[in-house]
Number of protein chains: 2
Amino acid sequence: MKKSHLASTFALAVVLTGTAFAAGHIDEDVAKAMEARQSHMTLYSFNLGTLGGMAQEKIPYDAQAAATAAADLAALANISQTGYWIEGSDSSVEGSRAKPEIWTDAAGFAAKRQELATASTALAAAAGDGLDALKAAFGPVGGTCGSCHRGYRVSDN
Amino acid sequence: MKKSHLASTFALAVVLTGTAFAAGHIDEDVAKAMEARQSHMTLYSFNLGTLGGMAQEKIPYDAQAAATAAADLAALANISQTGYWIEGSDSSVEGSRAKPEIWTDAAGFAAKRQELATASTALAAAAGDGLDALKAAFGPVGGTCGSCHRGYRVSDN
(Lines give C-alpha, C1' and ligand atoms only; values in the text may rest on other atoms or scores of the structure.)
Protein backbone atom coordinates (compact mmCIF):
# COMPACT_ATOMS: atom_id res chain seq x y z
CA MET A 1 0.00 0.00 0.00
CA LYS A 2 2.76 2.38 0.92
CA LYS A 3 4.57 1.79 -2.35
CA SER A 4 1.34 2.20 -4.27
CA HIS A 5 0.58 5.42 -2.42
CA LEU A 6 4.01 6.80 -3.22
CA ALA A 7 3.65 5.83 -6.84
CA SER A 8 0.27 7.57 -7.02
CA THR A 9 1.62 10.69 -5.36
CA PHE A 10 4.52 10.76 -7.77
CA ALA A 11 2.23 10.25 -10.76
CA LEU A 12 -0.05 13.04 -9.55
CA ALA A 13 2.89 15.37 -9.06
CA VAL A 14 4.05 14.67 -12.62
CA VAL A 15 0.58 15.32 -13.97
CA LEU A 16 0.17 18.57 -12.03
CA THR A 17 3.62 19.82 -12.95
CA GLY A 18 3.07 18.90 -16.56
CA THR A 19 -0.33 20.61 -16.61
CA ALA A 20 0.95 23.76 -14.97
CA PHE A 21 3.84 24.00 -17.40
CA ALA A 22 1.69 23.20 -20.40
CA ALA A 23 -1.02 25.65 -19.35
CA GLY A 24 1.52 28.41 -18.72
CA HIS A 25 3.12 27.79 -22.08
CA ILE A 26 -0.06 27.29 -24.09
CA ASP A 27 -1.95 30.23 -22.64
CA GLU A 28 0.38 32.77 -24.23
CA ASP A 29 0.32 31.01 -27.60
CA VAL A 30 -3.45 30.60 -27.38
CA ALA A 31 -3.92 34.28 -26.60
CA LYS A 32 -1.77 35.30 -29.57
CA ALA A 33 -3.49 32.86 -31.91
CA MET A 34 -6.96 34.03 -30.84
CA GLU A 35 -5.96 37.67 -31.16
CA ALA A 36 -4.61 37.04 -34.66
CA ARG A 37 -7.60 35.13 -36.00
CA GLN A 38 -10.07 37.56 -34.45
CA SER A 39 -8.14 40.45 -36.00
CA HIS A 40 -8.31 38.61 -39.31
CA MET A 41 -12.09 38.28 -38.96
CA THR A 42 -12.33 42.00 -38.13
CA LEU A 43 -10.62 42.77 -41.44
CA TYR A 44 -12.99 40.45 -43.31
CA SER A 45 -15.85 42.32 -41.68
CA PHE A 46 -14.38 45.73 -42.51
CA ASN A 47 -14.28 44.95 -46.23
CA LEU A 48 -17.57 43.02 -46.20
CA GLY A 49 -19.20 46.10 -44.70
CA THR A 50 -18.34 48.07 -47.83
CA LEU A 51 -19.20 45.27 -50.25
CA GLY A 52 -22.38 44.16 -48.46
CA GLY A 53 -23.54 47.74 -48.08
CA MET A 54 -23.27 48.21 -51.84
CA ALA A 55 -24.80 44.81 -52.64
CA GLN A 56 -27.77 45.66 -50.42
CA GLU A 57 -27.90 49.19 -51.88
CA LYS A 58 -27.48 50.75 -48.46
CA ILE A 59 -24.48 52.68 -49.77
CA PRO A 60 -24.05 53.86 -53.38
CA TYR A 61 -22.17 51.54 -55.71
CA ASP A 62 -18.67 52.79 -56.48
CA ALA A 63 -16.68 50.65 -58.88
CA GLN A 64 -13.25 51.65 -57.56
CA ALA A 65 -14.18 51.27 -53.89
CA ALA A 66 -15.85 47.92 -54.58
CA ALA A 67 -12.86 46.61 -56.50
CA THR A 68 -10.44 47.73 -53.79
CA ALA A 69 -12.46 46.22 -50.92
CA ALA A 70 -12.88 42.96 -52.85
CA ALA A 71 -9.17 42.80 -53.68
CA ASP A 72 -8.34 43.34 -50.01
CA LEU A 73 -10.87 40.70 -48.95
CA ALA A 74 -9.42 38.21 -51.44
CA ALA A 75 -5.87 38.92 -50.25
CA LEU A 76 -6.97 38.29 -46.67
CA ALA A 77 -8.85 35.11 -47.58
CA ASN A 78 -5.76 33.76 -49.33
CA ILE A 79 -3.50 34.32 -46.32
CA SER A 80 -2.39 30.99 -44.84
CA GLN A 81 -3.76 31.37 -41.29
CA THR A 82 -0.83 29.21 -40.19
CA GLY A 83 -0.65 29.36 -36.42
CA TYR A 84 -4.19 30.67 -35.91
CA TRP A 85 -5.91 27.39 -35.09
CA ILE A 86 -3.65 25.86 -32.50
CA GLU A 87 -4.66 23.03 -30.19
CA GLY A 88 -6.16 24.20 -26.92
CA SER A 89 -7.78 27.33 -28.36
CA ASP A 90 -11.34 26.05 -28.71
CA SER A 91 -14.44 27.46 -27.03
CA SER A 92 -13.45 26.00 -23.66
CA VAL A 93 -11.12 29.02 -23.52
CA GLU A 94 -12.78 32.30 -22.52
CA GLY A 95 -13.21 34.55 -25.54
CA SER A 96 -13.03 31.69 -28.05
CA ARG A 97 -16.04 30.57 -30.09
CA ALA A 98 -14.06 27.93 -32.00
CA LYS A 99 -15.94 24.61 -32.10
CA PRO A 100 -13.94 21.43 -31.45
CA GLU A 101 -14.89 20.40 -35.01
CA ILE A 102 -12.14 22.74 -36.24
CA TRP A 103 -9.70 20.11 -35.00
CA THR A 104 -11.79 16.92 -35.23
CA ASP A 105 -12.79 17.79 -38.81
CA ALA A 106 -9.71 19.66 -39.93
CA ALA A 107 -10.19 18.73 -43.59
CA GLY A 108 -13.76 20.05 -43.60
CA PHE A 109 -12.62 23.27 -41.96
CA ALA A 110 -9.80 23.69 -44.48
CA ALA A 111 -12.31 23.16 -47.28
CA LYS A 112 -14.49 25.98 -45.90
CA ARG A 113 -11.52 28.33 -45.79
CA GLN A 114 -10.74 27.38 -49.39
CA GLU A 115 -14.36 28.06 -50.40
CA LEU A 116 -14.04 31.60 -49.04
CA ALA A 117 -10.73 32.11 -50.84
CA THR A 118 -12.29 30.94 -54.12
CA ALA A 119 -15.49 32.97 -53.73
CA SER A 120 -13.68 36.15 -52.71
CA THR A 121 -11.18 35.82 -55.55
CA ALA A 122 -14.14 35.60 -57.93
CA LEU A 123 -15.70 38.62 -56.23
CA ALA A 124 -12.46 40.57 -56.67
CA ALA A 125 -12.61 39.87 -60.40
CA ALA A 126 -16.25 41.04 -60.66
CA ALA A 127 -16.74 43.78 -58.10
CA GLY A 128 -15.65 46.65 -60.34
CA ASP A 129 -17.89 45.57 -63.24
CA GLY A 130 -21.12 47.13 -62.02
CA LEU A 131 -23.69 46.61 -59.29
CA ASP A 132 -25.26 43.52 -60.84
CA ALA A 133 -21.88 41.83 -61.16
CA LEU A 134 -21.08 42.72 -57.55
CA LYS A 135 -24.41 41.35 -56.31
CA ALA A 136 -24.00 38.09 -58.23
CA ALA A 137 -20.48 37.48 -56.90
CA PHE A 138 -21.23 38.65 -53.38
CA GLY A 139 -23.83 35.96 -52.72
CA PRO A 140 -21.40 33.02 -52.67
CA VAL A 141 -19.05 34.93 -50.35
CA GLY A 142 -21.83 35.56 -47.85
CA GLY A 143 -22.86 31.93 -48.21
CA THR A 144 -19.42 30.61 -47.30
CA CYS A 145 -19.24 32.90 -44.24
CA GLY A 146 -22.55 31.61 -42.91
CA SER A 147 -21.80 28.01 -43.74
CA CYS A 148 -18.46 28.03 -41.95
CA HIS A 149 -19.87 29.81 -38.92
CA ARG A 150 -22.69 27.28 -38.60
CA GLY A 151 -20.30 24.36 -38.68
CA TYR A 152 -17.30 25.68 -36.82
CA ARG A 153 -18.29 28.65 -34.63
CA VAL A 154 -20.27 28.41 -31.41
CA SER A 155 -23.52 30.40 -31.64
CA ASP A 156 -23.64 33.48 -29.42
CA ASN A 157 -27.35 32.98 -28.73
CA MET B 1 -26.56 94.84 -32.91
CA LYS B 2 -29.71 92.81 -32.84
CA LYS B 3 -29.24 91.68 -36.42
CA SER B 4 -25.61 90.84 -35.71
CA HIS B 5 -26.58 88.97 -32.56
CA LEU B 6 -29.18 86.94 -34.44
CA ALA B 7 -26.68 86.18 -37.16
CA SER B 8 -24.14 85.03 -34.59
CA THR B 9 -26.68 82.88 -32.82
CA PHE B 10 -27.73 81.34 -36.11
CA ALA B 11 -24.11 80.72 -37.09
CA LEU B 12 -23.42 79.13 -33.71
CA ALA B 13 -26.48 76.90 -34.04
CA VAL B 14 -25.32 75.76 -37.44
CA VAL B 15 -21.84 75.03 -36.13
CA LEU B 16 -23.16 73.12 -33.11
CA THR B 17 -25.67 71.16 -35.16
CA GLY B 18 -23.01 70.42 -37.73
CA THR B 19 -20.55 69.35 -35.08
CA ALA B 20 -23.05 67.16 -33.28
CA PHE B 21 -24.08 65.47 -36.49
CA ALA B 22 -20.52 65.12 -37.69
CA ALA B 23 -19.33 63.77 -34.34
CA GLY B 24 -22.16 61.27 -34.15
CA HIS B 25 -21.51 60.15 -37.69
CA ILE B 26 -17.72 60.17 -37.54
CA ASP B 27 -17.43 58.42 -34.19
CA GLU B 28 -18.76 55.15 -35.58
CA ASP B 29 -16.59 55.38 -38.67
CA VAL B 30 -13.58 56.34 -36.56
CA ALA B 31 -14.13 53.37 -34.27
CA LYS B 32 -14.34 50.99 -37.23
CA ALA B 33 -11.30 52.50 -38.93
CA MET B 34 -9.23 52.30 -35.75
CA GLU B 35 -10.33 48.74 -35.11
CA ALA B 36 -9.39 47.75 -38.66
CA ARG B 37 -5.95 49.35 -38.70
CA GLN B 38 -5.11 48.06 -35.23
CA SER B 39 -6.18 44.57 -36.31
CA HIS B 40 -3.98 44.95 -39.36
CA MET B 41 -1.01 45.87 -37.11
CA THR B 42 -1.76 42.84 -34.92
CA LEU B 43 -1.42 40.63 -37.98
CA TYR B 44 1.86 42.29 -38.95
CA SER B 45 3.06 41.61 -35.42
CA PHE B 46 1.89 37.99 -35.49
CA ASN B 47 3.98 37.23 -38.58
CA LEU B 48 6.90 39.41 -37.49
CA GLY B 49 7.01 37.41 -34.26
CA THR B 50 7.81 34.27 -36.25
CA LEU B 51 10.21 35.98 -38.64
CA GLY B 52 11.96 38.10 -36.01
CA GLY B 53 12.24 35.13 -33.66
CA MET B 54 14.06 33.19 -36.37
CA ALA B 55 16.20 36.17 -37.44
CA GLN B 56 17.29 36.65 -33.83
CA GLU B 57 17.77 32.87 -33.43
CA LYS B 58 15.31 32.75 -30.55
CA ILE B 59 13.33 30.09 -32.41
CA PRO B 60 14.83 27.56 -34.83
CA TYR B 61 14.90 28.51 -38.49
CA ASP B 62 12.29 26.61 -40.50
CA ALA B 63 12.27 27.36 -44.22
CA GLN B 64 8.59 26.53 -44.78
CA ALA B 65 7.36 28.46 -41.72
CA ALA B 66 9.56 31.43 -42.62
CA ALA B 67 8.34 31.49 -46.22
CA THR B 68 4.70 31.24 -45.14
CA ALA B 69 4.96 33.99 -42.52
CA ALA B 70 6.78 36.25 -44.97
CA ALA B 71 4.23 35.61 -47.72
CA ASP B 72 1.43 36.45 -45.28
CA LEU B 73 3.25 39.59 -44.14
CA ALA B 74 3.77 40.69 -47.75
CA ALA B 75 0.10 40.06 -48.59
CA LEU B 76 -0.90 42.19 -45.60
CA ALA B 77 1.54 44.96 -46.48
CA ASN B 78 0.16 45.11 -50.00
CA ILE B 79 -3.45 45.49 -48.86
CA SER B 80 -4.77 48.95 -49.71
CA GLN B 81 -5.67 50.19 -46.21
CA THR B 82 -8.41 52.22 -47.89
CA GLY B 83 -10.68 53.55 -45.19
CA TYR B 84 -8.23 53.02 -42.32
CA TRP B 85 -6.84 56.55 -42.05
CA ILE B 86 -9.95 58.67 -42.04
CA GLU B 87 -10.06 62.28 -40.90
CA GLY B 88 -10.79 62.70 -37.21
CA SER B 89 -9.07 59.49 -36.13
CA ASP B 90 -5.79 60.97 -34.90
CA SER B 91 -4.36 60.74 -31.40
CA SER B 92 -6.87 63.26 -30.06
CA VAL B 93 -9.25 60.28 -30.07
CA GLU B 94 -8.88 57.90 -27.13
CA GLY B 95 -7.12 54.73 -28.19
CA SER B 96 -5.50 56.31 -31.24
CA ARG B 97 -1.74 56.92 -31.50
CA ALA B 98 -1.96 58.31 -35.04
CA LYS B 99 0.06 61.53 -35.36
CA PRO B 100 -1.54 64.43 -37.27
CA GLU B 101 1.37 64.08 -39.74
CA ILE B 102 -0.50 61.11 -41.26
CA TRP B 103 -2.85 63.69 -42.75
CA THR B 104 -0.62 66.75 -43.01
CA ASP B 105 2.11 64.69 -44.73
CA ALA B 106 -0.05 62.14 -46.53
CA ALA B 107 2.51 61.63 -49.29
CA GLY B 108 5.27 60.87 -46.79
CA PHE B 109 3.02 58.43 -44.95
CA ALA B 110 2.05 56.69 -48.20
CA ALA B 111 5.75 56.40 -49.05
CA LYS B 112 6.39 54.65 -45.70
CA ARG B 113 3.60 52.17 -46.36
CA GLN B 114 5.09 51.52 -49.80
CA GLU B 115 8.53 50.96 -48.24
CA LEU B 116 7.05 48.25 -46.04
CA ALA B 117 5.29 46.65 -49.00
CA THR B 118 8.53 46.62 -50.98
CA ALA B 119 10.69 45.34 -48.11
CA SER B 120 8.23 42.62 -47.12
CA THR B 121 7.80 41.48 -50.73
CA ALA B 122 11.60 41.12 -50.89
CA LEU B 123 11.53 39.24 -47.58
CA ALA B 124 8.88 36.88 -48.95
CA ALA B 125 11.19 36.07 -51.86
CA ALA B 126 14.15 35.36 -49.57
CA ALA B 127 12.78 33.94 -46.32
CA GLY B 128 12.75 30.31 -47.46
CA ASP B 129 16.35 30.42 -48.73
CA GLY B 130 18.11 29.89 -45.43
CA LEU B 131 18.76 31.76 -42.20
CA ASP B 132 21.31 34.17 -43.68
CA ALA B 133 18.93 35.14 -46.48
CA LEU B 134 16.14 35.66 -43.92
CA LYS B 135 18.36 37.81 -41.71
CA ALA B 136 19.52 39.98 -44.62
CA ALA B 137 15.97 40.61 -45.86
CA PHE B 138 14.47 41.03 -42.39
CA GLY B 139 16.60 44.08 -41.53
CA PRO B 140 14.94 46.46 -44.00
CA VAL B 141 11.48 45.33 -42.87
CA GLY B 142 12.27 46.11 -39.25
CA GLY B 143 13.78 49.40 -40.37
CA THR B 144 10.62 50.52 -42.15
CA CYS B 145 8.47 49.62 -39.12
CA GLY B 146 10.61 51.74 -36.81
CA SER B 147 10.94 54.60 -39.25
CA CYS B 148 7.19 54.84 -39.81
CA HIS B 149 6.42 54.60 -36.09
CA ARG B 150 8.89 57.38 -35.28
CA GLY B 151 7.35 59.70 -37.84
CA TYR B 152 3.67 58.88 -37.62
CA ARG B 153 2.87 57.18 -34.31
CA VAL B 154 2.75 58.90 -30.93
CA SER B 155 5.27 57.42 -28.50
CA ASP B 156 3.73 55.53 -25.61
CA ASN B 157 6.42 56.76 -23.21
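Our subject is the structure listed above.
Below you will find a few notes about this structure. All values derive from a computational prediction rather than experimental measurement. (Residues numbered from 1 in each chain as written. Chains lettered and ligands numbered in written order. Predicted model: local features only at pLDDT ≥ 70, side-chain atom pairs only at ≥ 80, totals over all residues. Heavy atoms only, no water.)

### Let's talk about the overall build of chain A
Phase 1: Helix and strand counts for chain A come out as 5 helices and 0 strands.
Phase 2: Its helices and strands in sequence order give chain A the pattern α-α-α-α-α, from N to C terminus.
Phase 3: When the 157 residues of chain A are sorted by exposure, 34% land in the buried category.
Phase 4: Sequence-distant contacts in chain A: of pairs separated by 6 or more residues, those separated by 24 or more amount to 72%.
Phase 5: Accessible area for chain A stands at about 8,800 Å²; split by element, carbon and sulfur atoms hold 61% of it. (Helix = DSSP H or I, 4+ residues; strand = E, 2+ residues; numbered from the N terminus. Buried < 20%, exposed > 50% of the residue type's maximum accessible area, 1.4 Å probe, protein only. Contact = heavy atoms within 4.5 Å. Areas by Shrake-Rupley, 256 points an atom, 1.4 Å probe, with all protein chains shown as cover.)

### Side note on the relation of the copies chain A and chain B
Phase 1: Superposition of chain A onto chain B requires a rotation of 180° combined with a translation of 0.0 Å along the rotation axis, giving an RMSD of 0.0 Å. The two molecules are tied by a two-fold rotation axis, judged by turn and shift. In terms of C-alpha distance to the rotation axis, chain A has S39(A) as its closest residue, with the C-alpha 2.3 Å off the axis.
Phase 2: Both copies contact each other with a shared surface, as 100% of the interface residues of chain A are interface residues in chain B too. (Least-squares fit on C-alpha atoms with pLDDT ≥ 70 in both.)

### Looking at unusual backbone geometry
Residue and element names in this part refer to chain A.
Phase 1: One non-glycine residue, E57, lies in positive phi territory at about 55°.
Phase 2: Its place among the elements puts E57 in the loop between α1 (2-55) and α2 (63-77).
Phase 3: The class of E57 is exposed, set by a relative accessible area of 52%.
Phase 4: Positioned with a positive phi, Q81 is a non-glycine residue whose angle comes to about 65°.

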